[in-house]
Amino acid sequence: MATASQATTQRPSSSIKLPCATCAKPIGIVRCEGCLKLFCRTDLNEHRNQLSKQLEEITVEHDLFQQTLNQSTADPRSHALISRINAWEKESKNKIKQAAEEARCLIENQAIMNTKQISTRFREMTDRLKKEQKEDTYDERDLKRWKEQLEQLKENFLSPSSVVIEEAPENFIAKILVKDLETLGKKFEQAVGHPGINEEGEYSGGIHNIRLKVEQYANGLMFFGVNSKSTPLNVNNLTAASSYGWTAGPTNIVYKSGQALVNNNDYISDFQTNDIVELELDCYRRHIHMRNHRSNKQYELQIELEKCPFPWMFHFGFSTNGDRLRIVE
């Protein structure tokens, strides 16, 4: 028979308590099902108090967000993204104002010097006219020469040959764009006949670029170019008078005013899957430019506004099922 002291030392191991996760004392009795940690009664209460505080913080954030949603519903223009656009607009106006003031100062300085030069030449011409008129020795040749000189002085005064005003490239003020990333990648998927896809946006001025990646190409007909917004989008719009651009395919076709021309300006199609194609619309010079980054082949087409009037739109199309284009930055 075991003694009393032996009975105490042979206590079953199941009666030994695990440590509390907070105080580390071997008095853990309750497990939190959320964090799976064991706590003593006192620290469990403190643990629950901390959870209550976190819930209060979430509730405050919830209420603040509810106010934001309500405000956005009542006034959509209060959205944070609209604020970014407003900031871009303000900054752009400041850039334009500063550039305009600098340009005015330069023109003012040039105008002063130009006016002095023209005034000197004008006085010389006046003296000659008075002299010839007094002596009565002039004829038709003199009249023609004086008239041409007078017109030249007027032209130099209004448009000095030493001064040229040019519009800055588009990146002077970066255009702000809003893109729907979920649908953007689907924009160029078509596969029946000769479908056409117009890139969103209308262009009547400036220089505009778009970069495309040929994600899949099976050597069928693929078109890169422009069309006028006034031309309805349909399966025959490549042959519309407003159609200008290049085809990827074995026939090396260029479309000018809807006319299919083979090897126009030595054009050769060499597109492959994964090629990056860059198109540029230059509304100032009224032409479009296309470049294949891999081969560095570049081509240009002059646009006839009477056939393809502003606004222009980017236009792409292809005929083989599975061919894919994607806009890239």
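Residues numbered from 1 in each chain as written. Predicted model: local features only at pLDDT ≥ 70, side-chain atom pairs only at ≥ 80, totals over all residues. Heavy atoms only, no water.

## Some remarks on the overall build of the chain
Inference 1: Counting secondary structure elements, the chain contains five helices and 13 strands.
Inference 2: Among the 329 residues that make up the chain, the fraction classed as buried is 29%.
Inference 3: Long-range pairs, those at least 24 residues apart, make up 59% of the contacts in the chain between residues at least 6 apart in sequence.
Inference 4: Element-wise, carbon and sulfur atoms account for 53% of the exposed surface of the chain, whose accessible area totals about 22,600 Å². (Helix = DSSP H or I, 4+ residues; strand = E, 2+ residues; numbered from the N terminus. Buried < 20%, exposed > 50% of the residue type's maximum accessible area, 1.4 Å probe, protein only. Contact = heavy atoms within 4.5 Å. Areas by Shrake-Rupley, 256 points an atom, 1.4 Å probe, with all protein chains shown as cover.)

## Side note on the nonpolar core
Inference 1: Phe224 and Trp246 are the most contacted members of the largest nonpolar core, which totals 31 residues.
Inference 2: Of all elements in the fold, only strand E4 (207-216), strand E5 (222-228), strand E6 (244-248), strand E9 (276-282), strand E10 (287-292), strand E11 (297-302), strand E12 (312-318) and strand E13 (324-328) reach the threshold of two or more residues within this core.
Inference 3: Per-element accounting of this core gives the leading share, four residues, to E12.
Inference 4: Excluding residues that lie within four positions of it along the chain, Phe224 makes contacts with Leu212, Tyr244, Gly245, Trp246, Ala248, Phe271, Val277, Leu279, His315, Phe316 and Leu325. (Core = buried A, V, L, I, M, F, W, Y, C linked by side-chain atoms within 4.5 Å.)

## Things to note about the side chain of Ser257
Inference 1: Within the secondary structure layout, Ser257 lies in the loop between strand E7 (253-256) and strand E8 (259-262).
Inference 2: On the basis of relative accessibility, which here comes to 11%, the residue Ser257 falls in the buried class.
Inference 3: Excluding its chain neighbours within four sequence positions, the residues that come into contact with Ser257 are Ala240, Ala241, Ser243, Tyr244 and Lys307.

## A few points about the state of the cysteines
Inference 1: Here the structure, examined in full by the defined rule, presents zero disulfides.
Inference 2: Of the cysteine sulfurs around Cys283, a residue in no disulfide, the closest is that of Cys308, at 9.8 Å. (Disulfide = S-S within 2.5 Å.)

## Quick notes on the sheet that holds E9
Inference 1: Pairing in this open sheet of five strands is antiparallel, and the strands run E11-E10-E9-E4-E13 from one edge to the other. Sheet topology places E11 and E13 at the edges, where each strand pairs with a single neighbour. Pairs of neighbouring strands in the sheet enclose a mean axial angle of 25°, with direction left out of account. (Pairing = 2+ DSSP bridges. Axes fitted to C-alpha atoms, helices over the stretch in contact; angles between N-to-C directions.)

## A word on the confidence of the model for the chain
Inference 1: Considering every residue of the chain, the mean pLDDT works out to 80; 82% of them sit at 70 or more.
Inference 2: Predicted confidence for residues 1-12 stays below pLDDT 50, and this span has one contact to residues more than four positions away or in other chains.
Inference 3: Counting contacts from residues 181-199, a segment whose pLDDT is below 50, to residues more than four positions away or on other chains yields 54 contacts. (pLDDT = per-residue confidence, 0-100.)

## Examining helix H3 (residues 80-135)
Inference 1: Taking 1.5 Å of rise per residue, 56 residues should cover 82 Å, and H3 covers 80 Å from first to last C-alpha, within 8% of that figure.
Inference 2: For H3, the set of buried residues is Ser92, Asn114, Ile118 and Met125.
Inference 3: Looking at the buried side of H3, the elements it contacts are helix H4 (140-158).
Inference 4: Positioned one or two residues after H3, Asp136 has a phi angle of 55°, which is positive. (Expected span 1.5 Å × (residues − 1).)

## Structural notes on the packing of aromatic side chains
Inference 1: Inspection of the entire model under this criterion finds seven aromatic pairs.
Inference 2: With centroids separated by 5.9 Å and ring planes inclined at 75°, the aromatic side chains of Phe223 and Tyr255 adopt a geometry described as edge-to-face. With Phe223 in strand E5 and Tyr255 in strand E7, this residue pair connects regions lying 32 residues apart in the sequence. Residue Phe223 shares its accessibility class with Tyr255, and that shared class is buried.
Inference 3: Ring pairs connect the aromatic residues Tyr203, Phe314 and Phe316, which therefore count as one cluster. (Phe/Tyr/Trp six-rings, centres within 6.5 Å; stacked < 30°, edge-to-face > 60°.)

## Regarding H4
Inference 1: With 19 residues, H4 extends 27 Å between its outermost C-alpha atoms, agreeing within 8% with the 27 Å of an ideal straight helix rising 1.5 Å per residue.
Inference 2: Along H4, the residues classified as buried are Asp142, Trp146, Leu153 and Asn156. The buried residues of H4 occupy an angular sector of 90° when the element is viewed end-on, so they sit on one face. Exposed residues pointing more than 90 degrees away from the buried face of H4 are listed as Glu140, Arg141, Lys144, Lys147 and Leu158.
Inference 3: Considering only its buried residues, H4 is in contact with H3. (Arc of directions from axis to C-beta.)

## Describing the environment of Gly225
Inference 1: Secondary-structure assignment places Gly225 in strand E5.
Inference 2: Here Gly225 falls in the buried class, since its relative accessible area comes to 2%.
Inference 3: Separated by 64 residues in sequence, Gly225 and His289 place their C-alpha atoms 8.9 Å apart.
Inference 4: Residues in contact with Gly225, not counting those within four places in the same chain, are Tyr244, Gly245, Leu279, Ile288, Met313, Phe314 and His315.

## What about the packing of H3 against H4?
Inference 1: Direction vectors running N to C along H3 and H4 enclose 165°, while the axes themselves pass 10 Å from each other. In this view, H3 runs roughly antiparallel relative to H4, as classed from their interaxial angle. Crossing hand, H3 versus H4: left-handed. Here Asn114, Thr115, Ile118, Arg121, Phe122, Met125, Arg128, Leu129 and Glu132 of H3 lie close against H4, whose contacting residues are Trp146, Gln149, Leu150, Leu153, Asn156 and Phe157.
Inference 2: Considered class by class, the residues forming the contact of H3 with H4 number eight nonpolar, four polar and three charged. (Parallel < 35°, antiparallel > 145°, perpendicular 65-115°, else oblique. Left-handed = near helix turned anticlockwise from the far one by under 90°. Nonpolar A, V, L, I, M, F, W, Y, C, P; charged D, E, K, R; others polar.)

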